[in-house]
There are 2 protein chains.
Amino acid sequence: MSQSFDIAVIGATGTVGETLVQILEERDFPVGNLHLLASSESAGHSVPFRGKNVRVREVDEFDFSKVQLVFFAAGPAVTLSFASRAVAAGCSLIDLSGALPADQAPQLVPEANADILASLKKPFQVSSPSPSATTLAVVLAPLLGLLDLQRIHVTACLAVSAQGREAVTELARQTAELLNVRPLEPTFFDRQMAFNLLAQVGKPDDQGHTLLEKRLVRELRQVMALPLLKISVTCIQAPVFFGDSFSVTLQSASAVDLAKVNAALEDAPGIELVEAGDYPTAVGDAVGQDVVYVGRVRHGVDDLSELNLWLTSDNVRKGAALNAVQVAELLIKDLL
Amino acid sequence: MSQSFDIAVIGATGTVGETLVQILEERDFPVGNLHLLASSESAGHSVPFRGKNVRVREVDEFDFSKVQLVFFAAGPAVTLSFASRAVAAGCSLIDLSGALPADQAPQLVPEANADILASLKKPFQVSSPSPSATTLAVVLAPLLGLLDLQRIHVTACLAVSAQGREAVTELARQTAELLNVRPLEPTFFDRQMAFNLLAQVGKPDDQGHTLLEKRLVRELRQVMALPLLKISVTCIQAPVFFGDSFSVTLQSASAVDLAKVNAALEDAPGIELVEAGDYPTAVGDAVGQDVVYVGRVRHGVDDLSELNLWLTSDNVRKGAALNAVQVAELLIKDLL
Ligand SMILES: NC(=O)c1ccc[n+]([C@@H]2O[C@H](COP(=O)([O-])OP(=O)(O)OC[C@H]3O[C@@H](n4cnc5c(N)ncnc54)[C@H](OP(=O)(O)O)[C@@H]3O)[C@@H](O)[C@H]2O)c1
Ligand SMILES: NC(=O)c1ccc[n+]([C@@H]2O[C@H](COP(=O)([O-])OP(=O)(O)OC[C@H]3O[C@@H](n4cnc5c(N)ncnc54)[C@H](OP(=O)(O)O)[C@@H]3O)[C@@H](O)[C@H]2O)c1
């Protein structure tokens, strides 16, 4: 007899939630009853799962004792409102909103720090990091042993879908308006996003850092178990619908052996290495895929201690929904 | 009596050349006769200058002894074919193609290294650096004295106009095709450029570096007179028509005084500093302007020795045509 689990997905009508439900089906996750939850706005809608339409219900009225595992894929406010109720009812939870502190729900990327599971107590509370931290962790994990890592520099070029449905709609609308020479009226973004790059995603704090940038530093340090790692980060908003891209430089204290780096990337789980000369893109490669694409593996110009990489990954899938499901696959081994 | 100069612009029908002719007019450059040159393809066309239409002629048939100053704004091949003829005829020249070695025609950014003019001999041969190097030099110049600079990291997000007319047309065409759900057929770019980011601009060498990346390192070192400066660079292609954007990190050996940095940027020529919290963009700020916009001035997350900046500039104007005209304004003081 194979065991199955009753599961709730909160935010099931959203960008991440919908993909998460698809991935549970694709990977044949042992789902018993599936409860799809959202706000009152889309309660009553339905979402397909294994050939049936599953009715979406309001999270406020949900009885968490019906399930063993909950995915939180609505915003941080929803996680903060319902996580303790879920845990009190004995549910394990995986949060995708970044709302829970690391000592309550540590960040987990299966390719990088699956070992932390051993230290967790039931019911499990785990966070799936931001897509940027997840992507970087998948790629750093096989490289750490090869470098005397001093510092990481990242310019993360984020897709608008990182900000949910409305952002996707607005990029399409702005682009059409410009091509039709109609006046541009930004609504979701505070200025022209089409054919432009925005230097920050979200409001910066008094020091000039955005929440996403601070999350990336905090989460990556935790996942890599390198609490003092120097991480220099800028998150910008690109006029791309889906798929984040990353310009990354790793500084090592000594010369980097590119042959070893390539071999390690080639062998590592969750990574597709693109051949030298070529490079991956968000639209052409990463979107819809289960791996992080890596290309442009090279030293610095005149600097052998520098390792440069270009990464791209599906922010909704590999960066979020798939990582959460991979975490769930690890959890259920111990939930049994 | 005020002196005027007879001038030739090669590539006058191109993205850079056309803007250059406009800027000569705007800044009331003391132009006597203006000769506009291009290939046989656009010979016979005309370009407006000071209320008249100036006929474009073929460069092959041009008698360089008619002018005192030539702007080379066609490709490197054109510069290599005609520069020595121009010099032999006694013309000074300003090259925008990057074709000439630094010992023949040093890179000059008036805000950064105008002092090198003193060492040049007539007829003058000067290069205007790539837009990326020009933009970075304008911003680094006022900061060098404030930092114990160890290393610069740059991710340069280049506009498609950096690659000339055809690239601009193709981004528009690709975008329209996608919005109209027609099949995409890349011609100029080798893949989808619309709603995507390309990890490299031009073909990389065996070490993985593109010509633009190597030029940026070489030119910036020369302009800043820091031949050993460590510069880590990635040039990517963004789906933006005009205006380059730069995510820049300067590593200093000691804590960076942000108040001093802000004051220096505020006072420096060629720079517009955007207030904290806000940020400049290519489309909204830089395009059509004569300055480099600087924003997001901040330390690293937990790292006071890091200085992060976001820059944006009009690649065609500030990055190329205007810089060349500013160089010319310096040269004519000594051409007299
Ligand atoms: N997009 C990404 O790339 C990405 C990646 C990683 C993590 N995340 C995080 O995942 C979460 C969801 O992001 P998303 O991009 O999927 O957003 P989204 O497309 O805007 O979807 C939001 C989802 O949350 C639900 N929701 C909103 N308010 C709610 C409430 N008060 N009670 C219950 N449900 C509510 C929405 O339901 P209705 O249909 O009823 O409004 C919808 O299902 C956010 O915390 C986000 O930061 C996003
Ligand atoms: N675009 C930028 O942002 C930028 C910035 C800095 C430097 N540059 C450099 O400036 C140069 C021109 O770039 P662009 O962007 O202006 O290119 P463009 O828009 O494609 O224009 C090219 C110009 O060169 C002319 N030309 C081409 N082949 C020629 C030949 N065999 N003989 C004479 N003229 C010829 C063209 O004339 P026809 O009309 O007759 O074809 C046209 O005027 C390149 O070296 C480029 O790297 C460009």
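Residues numbered from 1 in each chain as written. Chains lettered and ligands numbered in written order. Predicted model: local features only at pLDDT ≥ 70, side-chain atom pairs only at ≥ 80, totals over all residues. Heavy atoms only, no water.

The name an unreviewed UniProt entry gives chain A is Aspartate-semialdehyde dehydrogenase, with Pseudomonas arsenicoxydans as the organism.

Q: Please give an account of the interface of chain B and chain A that cites residues and values.
A: Size of an interface, as often reported, equals the accessible area lost when the parts are brought together. Listed by partner, the interface residues are 58 residues for chain B and 58 residues for chain A. Across the chain B/chain A interface, buried area totals approximately 4,900 Å², and carbon plus sulfur atoms make up 52% of it. Scanning the region where chain B abuts chain A turns up 12 salt bridges. A salt bridge links Arg-191 of chain B to Asp-278 of chain A; its shortest N-O distance comes to 2.9 Å. At the junction of chain B and chain A, the tally comes to 41 residue pairs in polar contact (both at pLDDT 80 or more). Contributions of two or more residues to the side of chain B that touches chain A are made by β8 (149-158), α5 (165-179), α6 (211-224), β9 (230-237), β10 (244-252), α8 (282-286), β12 (292-300) and β13 (303-313) of chain B. In terms of residue class, the side of chain B that touches chain A is built from 22 nonpolar, 23 polar and 13 charged. (Contact = heavy atoms within 4.5 Å. Buried area = accessible area lost by both parts, 1.4 Å probe. Salt bridge = Lys/Arg side-chain N within 4 Å of Asp/Glu carboxyl O. Polar contact = N/O pair within 3.5 Å; in protein donor to acceptor, adjacent residues only side chain to side chain. Helix = DSSP H or I, 4+ residues; strand = E, 2+ residues; numbered from the N terminus. Nonpolar A, V, L, I, M, F, W, Y, C, P; charged D, E, K, R; others polar.)

Q: Lay out helix α1 (residues 15-26) of chain A in plain terms, naming residues and giving numbers.
A: Over its 12 residues, α1 of chain A runs 17 Å from end to end, which matches the ideal 16 Å to within 8%, given 1.5 Å per residue. When we look at burial in α1 of chain A, the residues that qualify are Thr-15, Gly-17, Thr-19, Leu-20, Val-21, Ile-23 and Leu-24 of chain A. (Expected span 1.5 Å × (residues − 1). Buried < 20%, exposed > 50% of the residue type's maximum accessible area, 1.4 Å probe, protein only.)

Q: I'd like a description of the relation of the copies chain B and chain A, backed by residues and values.
A: Each of the two chain copies goes to the other by way of a rotation about an axis and a shift along it. When chain B is brought onto chain A, the operation consists of a screw motion whose angular component is 180° and whose axial shift is 0.0 Å, with 0.0 Å RMSD remaining. The relationship between the two copies is best expressed as a two-fold rotation axis. A symmetric contact is evident, with 100% of the interface residues of chain B recurring at the interface of chain A. (Least-squares fit on C-alpha atoms with pLDDT ≥ 70 in both.)

Q: Could you give an account of the domain arrangement of chain A, with specific residues and numbers?
A: Residue and element names in this part refer to chain A. The assigned domain composition of chain A is domain 1 (5-129 + 320-334) and domain 2 (134-315). One C-alpha centre belongs to domain 1, the other to domain 2; they are set 25 Å apart. When domain 1 packs against domain 2, the two sides together hide about 1,500 Å² of surface, and 52% of this comes from carbon and sulfur. The largest per-residue losses of area from domain 1 upon contact with domain 2 belong to Thr-15, Glu-111 and Pro-129, which jointly make up 35% of the total buried on that side. Our count for the contact surface shared by domain 1 and domain 2 stands at one salt bridge. Here domain 1 and domain 2 share six residue pairs in polar contact (both at pLDDT 80 or more) between them. Counting only elements with at least two residues in the side of domain 1 that touches domain 2, the list comes to α1, α3 (110-113) and α9 (317-335). Residues that form the side of domain 1 that touches domain 2 fall into these classes: seven nonpolar, nine polar and three charged. (Domains from an automatic or database assignment.)

Q: Got a sec to walk through the sheet that holds strand β8 (residues 149-158) of chain A? Specific residues and values, please.
A: Residue and element names in this part refer to chain A. Spatial strand order, β9-β8-β10-β13-β12-β11: six strands in an open sheet with mixed pairing. The sheet is open, and its two borders are formed by β9 (230-237) and β11 (271-273), each paired with just one other strand. If you compare each strand with its neighbour and ignore which way they point, the axes differ by 20° on average. For β8 and strand β10 (residues 244-252), the ladder comprises eight bridges, and the chain directions are antiparallel. Within β10, the residue paired with Arg-151 across the bridge is Gln-251. Sitting on the sheet, helix α6 (residues 211-224) is in contact with β8 and β9, with an inclination near 140° to β9. (Pairing = 2+ DSSP bridges. Axes fitted to C-alpha atoms, helices over the stretch in contact; angles between N-to-C directions.)

Q: Lay out the pairing of strand β2 (residues 31-38) of chain B in plain terms, naming residues and giving numbers.
A: Residues and elements named next belong to chain B. Burial of β2 is extensive: six of the eight residues sit out of reach of the surface. The β-α-β motif built from strand β1 (residues 5-10), the intervening helix α1 (residues 15-26) and the parallel element β2 has right-handed crossover chirality. Direction of pairing for β2 relative to strand β4 (residues 52-58): parallel, over a ladder of three bridges. Looking across to β4, one finds that Leu-37 is bridged to Arg-57. (Right-handed = clockwise from strand over helix to strand, strands pointing away.)

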